Amino acid sequence: MTFKIMTAFAAGTALVAGAALAEQHEMDRSDWPESFTVGTASQGGTYFAYGSGWANLVAEELGLSGGGEVTGGPMQNMALVHTGEAQFGMTTMGPASESLAGTNPIAPGLQMTNACAIFPMYQTPFSVTALASSGIESVSDIPDGARIGFGPAGSTSDTYFPRMMEELGVNFERRNGGWDDLGGQLQDGLLDVIAFAAGVPVPAVSQLEVQTDINIIEFTEEEQQQILEAFPVSEYQIDAGTYSTLEEDARSVAMWNFAIANCDLPASFVNAVVDTVMSDNERMVGIHSAASETLPENWDKNQVMQWHPGAAQWFEENAGADIPDEMVYGG
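Residues numbered from 1 in each chain as written. Predicted model: local features only at pLDDT ≥ 70, side-chain atom pairs only at ≥ 80, totals over all residues. Heavy atoms only, no water.

**Q** Just give me the short version of the state of the cysteines, but keep the residues and values in it.
**A** Summed over the entire model, instances satisfying the criterion amount to one disulfide. Each sulfur in the disulfide pair Cys116 and Cys263 lies 2.0 Å from the other. The S-S bond linking Cys116 to Cys263 shows a torsion near 110 degrees; that makes this disulfide right-handed. Here Cys116, found in strand S4 (residues 115-131), pairs with Cys263, found in the loop between strand S10 (250-262) and helix H9 (267-278); they are 147 residues apart in sequence, far enough to count as distant. (Disulfide = S-S within 2.5 Å. Helix = DSSP H or I, 4+ residues; strand = E, 2+ residues; numbered from the N terminus.)

Put into C-alpha cells, the structure is as follows:
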C-alpha cells in the first residue's frame, strides 16, 4: 500500500469515526435542553476557570448554548442543581454529603437527592500557610486566639477547615475573604494564618512566597490520621515542586470534587456530556491543569452520591466501572 493510499485510508477512517461520533451525539436529542448552565463559584478561582472551560467545550461539541455561572460554590451548586435552576454544577464530597442529609445551610432540612454525580474532577487539598517571621512551623505552634483566614464564607474551605482546626485543638478567630485579600492581610500582619482548601498551587500563596518568606505547614502523621477519621477526606501530599518554599513533599488531606447534574436530565444528553469531557484528557488539561485528575479510572472516588444513569452507563462501558444498582438514580 502506497503512502498516498494509506493517507487516504486514514483520512477516510477518521471521517467515518468523526461521523459516527457526531451521529452518536445527534441521536435522541428530542428531549435535550436547548441551553444549559454549569454552576461554578467566584471568579478567579479554580472552579470558575475549570467549570466555564468544560461548559464551553460541551456547548461547542454538542452544538448547544451553554456556559459557566458564577455562584457561591459547592453548597449553592447542590441546591441549584437539585431544583433544576442549573442543569449542571460542581461540588466537593463533603458539601454533597451534607446536602443529601438535609444539613446544607442554604436550605436546612431539604434533602437534595435530585443532584447526581456525572464525572470526577480533581482533589482539593487543605493547606496551611504562615509568615516565616511568625515562628509558626506546625499546627501545634498556632497561638491561642490566632486570627485565621478560611476563604470565602460558605466555601468548602470555610465549611471544613474551621472544624478541622477545632478537631486538632486550635482556638482561633475566624476571618473570611477572597484568596488574594487574605494573602494580603497575612502579609500586612492582620492575620496569623491562612488555611486554604483550593487547587494547588494556590495563586495567593505563590504570590506570597515571591514577596516574603513563608512557612507552608504540613500535618503530622497523627494529625492527618485524626482528620481522616473525622471528615470525608483522603490522604494527600503536596509535591515539593508545587511551591519554591517546599523542600520536600508536605503531608496533607484532600477532598474530591465531582461534576453533578440534575437527575431528571435525559440520559442520552448526560452521556454525551460525559463523553465529551472524559474522552480527551489532554484537551481538558489545556483548560485547567487540575484536570490531570479528570480521568475515567477515578470514577470510584464517589462513595457519596447516586450516579446519573447516563453517566453510569458511560463509565460502565468505557472505564469498566462496577457501579451497584443502588448507586444509580432510579436503579
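**Q** Go over the environment of Ala250, please, and point to the residues and values.
**A** Looking at the secondary structure, you find Ala250 in strand S10. When the C-alpha atoms of Ala250 and Ile217 are compared, they prove to be 7.5 Å apart, with 33 residues separating the residues in sequence. Non-local contacts of Ala250, meaning those with residues more than four positions away in its chain, are made with Glu218, Tyr236, Gln237 and Ile238. (Contact = heavy atoms within 4.5 Å.)

**Q** Can you lay out the packing of aromatic side chains for me, pointing to particular residues and giving the numbers?
**A** Under the criterion given, the structure shown has 13 aromatic pairs. Centroid distance Phe36 to Phe88: 5.7 Å. Interplanar angle 85 degrees. Geometry classified as edge-to-face. Of this pair, Phe36 sits in strand S1 (residues 35-39) while Phe88 sits in strand S3 (residues 88-92), and the two are 52 residues apart along the sequence. Both residues of the pair, Phe36 and Phe88, belong to the buried class. With a centroid separation of 5.9 Å and an interplanar angle of 80 degrees, the aromatic rings of Phe258 and Trp307 are classed as edge-to-face. (Phe/Tyr/Trp six-rings, centres within 6.5 Å; stacked < 30°, edge-to-face > 60°. Buried < 20%, exposed > 50% of the residue type's maximum accessible area, 1.4 Å probe, protein only.)

**Q** Could you give an account of the side chain of Asn262, naming the residues involved and the relevant values?
**A** Its location among the elements puts Asn262 in strand S10. In terms of polar contacts, Asn262 uses its side chain to reach the backbone amide nitrogen of Asp264, at 2.9 Å. Residues contacting Asn262, with those up to four places away along its chain left out, are Val81, His82, Thr83, Gly84, Gln87, Asn114 and His308. (Polar contact = N/O pair within 3.5 Å; in protein donor to acceptor, adjacent residues only side chain to side chain.)

**Q** With reference to specific residues and values, describe the nonpolar core.
**A** Judged by nonpolar contacts, the single largest core of 84 residues is most densely connected at Trp54, Phe88, Ile118 and Phe119. Filtering out sequence-adjacent residues up to four positions away, Ile118 remains in contact with Trp54, Phe88, Ala259, Ile260, Ala261, Val270, Val274, Trp307, His308, Ala311 and Phe315. One finds Ile194, Val202, Ile216 and Ala254 within the second-largest nonpolar core, a separate group that totals 20 residues. (Core = buried A, V, L, I, M, F, W, Y, C linked by side-chain atoms within 4.5 Å.)

**Q** So what about a negative patch on the surface? Which residues, and what values?
**A** A cluster of acidic residues, Glu316, Glu317, Asp322, Asp325 and Glu326, forms a negative patch at the surface. Tracing the backbone through its elements, the reader meets Glu317 in helix H11 (residues 309-318). The class of Glu317 is exposed, set by a relative accessible area of 56%. (Patch = residues over 30% accessible without salt bridge, like charges linked within 9 Å, V, L, I, M, F, W, Y side chains within 5 Å. Areas by Shrake-Rupley, 256 points an atom, 1.4 Å probe, with all protein chains shown as cover. Salt bridge = Lys/Arg side-chain N within 4 Å of Asp/Glu carboxyl O. Lys, Arg positive; Asp, Glu negative; His and termini not counted. Charge placed at Lys NZ, Arg CZ, Asp CG, Glu CD.)

**Q** Give me the lowdown on the pairing of strand S6 (residues 172-175), citing residues and values where you can.
**A** Pairing geometry for strand S5 (residues 146-149) and S6, over four bridges, is parallel. Among the inter-strand pairings, Arg147 is bridged to a residue of S6, identified as Glu173. What joins S5 to S6 is helix H5 (residues 156-167), and the crossover it makes is right-handed. (Pairing = 2+ DSSP bridges. Right-handed = clockwise from strand over helix to strand, strands pointing away.)

**Q** Can you tell me about the pattern of salt bridges, naming the residues and giving the values?
**A** Opposite charge on two side chains makes pairing possible when the charged atoms of those side chains draw close. Tallied over the full model, the rule gives nine salt bridges. Of the charged contacts in the structure, one is a salt bridge between Asp158 and Arg174, with a shortest N-O distance of 3.0 Å. Taken as a pair, Asp158 in helix H5 and Arg174 in strand S6 lie far apart in primary sequence, 16 residues in all. Judged by relative accessible area, Asp158 falls into the buried class, the value being 6%. A relative accessible area of 44% means that Arg174 is categorised as partly exposed. Its salt-bridge partner being Asp300, residue Lys301 comes within 3.1 Å of it at the nearest N-O pair. Connected through salt bridges with shared partners, the residues Glu61, Asp280 and Arg283 form a single ionic network.

**Q** With reference to specific residues and values, describe helix H8 (residues 221-230).
**A** Those residues of H8 that fall on the buried side of the exposure criterion are Glu223, Gln224, Ile227 and Leu228. In a view along the axis of H8, the buried residues occupy a sector of 135 degrees, so they form one face of it. Of the residues in H8, the exposed ones pointing more than 90 degrees away from the buried face are Glu221, Glu222 and Glu229. Packed against the buried residues of H8 are H5, strand S9 (234-238) and S10. (Arc of directions from axis to C-beta.)

Function cannot be inferred from these measures alone, as they are strictly geometric.
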